[in-house]
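Examining the three-dimensional arrangement
If you want the building blocks of each chain, they are given just below.
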Amino acid sequence: MSRREIRERIFKLLFRVEFYREGEMEEQKELFLEDAEYFPEDVTEKDKNEIVLKYDAIAEKLSEIDEMINGKATGWSSRRMGKVELTIIRLAVYEICFDERIPTGVAINEAVELAKSYGQEGSAAFVNGVLAKFAE
């Protein structure tokens, strides 16, 4: 899988956090990994493991990430943001602040691309605006 495909799968798994309780996410993660739509037979165990490890790392820091977002998103709180945009921003903030392997510009660009694909009109600009504050 490409880096973009892996990031997209992480986004889709992380999106479920908005709909399930913390105790249910382990089962949701297992169901997600078994879903042939997201993981056809040619997906390697290495790719699956990378997705799970990054999801787990983000989930572990979710409250800290949300605090960071709330501190930077002037006039917005994470509770008021759309679920798609919030999930994209959470993923990108994790990459910017906690994953040294991902350059800030790449994290922002990939987040904007996800917003274009999964958000509504204006989502990409919103995501870019919030994440630009993390690049300062």
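Overview of the structure. Computed from a predicted structure; not experimentally measured.

Points about the overall build of the chain
Along its length, the chain carries seven helices and zero strands. Taken over the C-alpha trace, the chain has a radius of gyration of 14 Å; the compact-globule value for 136 residues is 14 Å, and the two agree within 12%. Overall, the C-alpha framework of the chain stretches about 45 × 30 × 30 Å when taken along its three principal axes. Relative to all contacts within the chain whose residues are 6 or more apart in sequence, the contacts with residues 24 or more apart total 66%. Of the roughly 7600 Å² that the chain leaves accessible, carbon and sulfur atoms contribute 47%. Of the side-chain charges in the chain, 20 are positive and 29 negative, and the distance between the mean point of each set is 5 Å.

Quick look at the packing of aromatic side chains
Throughout the structure, instances matching the rule amount to six aromatic pairs. Where Phe11 meets Tyr118, the ring centres are 5.1 Å apart and the plane angle is 45°; that geometry is what we call tilted. Taken together, the residues Phe11 in helix H1 (residues 3–15) and Tyr118 in helix H6 (residues 104–118) connect sequence positions 107 residues apart. Assessed through its relative accessible area of 31%, Tyr118 is described here as partly exposed. Between Trp76 and Phe126 the ring centres are 5.0 Å apart and the planes differ by 65°, which places this aromatic pair in the edge-to-face class.

Focus: the nonpolar core
One recurring pattern in soluble globular proteins: nonpolar side chains tend to sit buried together. Membership of the largest hydrophobic core comes to 43 residues, with the highest contact counts inside it found for Ile58, Ile69, Ile88, Ile89 and Leu131. Elements with a minimum of two residues in this core: H1, helix H2 (25–34), helix H3 (45–60), helix H4 (62–72), helix H5 (83–98), H6 and helix H7 (123–135). Take this core: its biggest share by element is nine residues, from H5. Apart from residues no more than four positions distant in its own chain, Ile58 is found in contact with Ile10, Leu14, Ile65, Leu91 and Tyr94.

Quick notes on the rules
Residues numbered from 1 in each chain as written. Predicted model: local features only at pLDDT ≥ 70, side-chain atom pairs only at ≥ 80, totals over all residues. Heavy atoms only, no water. Helix = DSSP H or I, 4+ residues; strand = E, 2+ residues; numbered from the N terminus. Rg over C-alpha atoms; globule rule 2.2 N^0.38 Å. Contact = heavy atoms within 4.5 Å. Areas by Shrake-Rupley, 256 points an atom, 1.4 Å probe, with all protein chains shown as cover. Lys, Arg positive; Asp, Glu negative; His and termini not counted. Charge placed at Lys NZ, Arg CZ, Asp CG, Glu CD. Phe/Tyr/Trp six-rings, centres within 6.5 Å; stacked < 30°, edge-to-face > 60°. Buried < 20%, exposed > 50% of the residue type's maximum accessible area, 1.4 Å probe, protein only. Core = buried A, V, L, I, M, F, W, Y, C linked by side-chain atoms within 4.5 Å.

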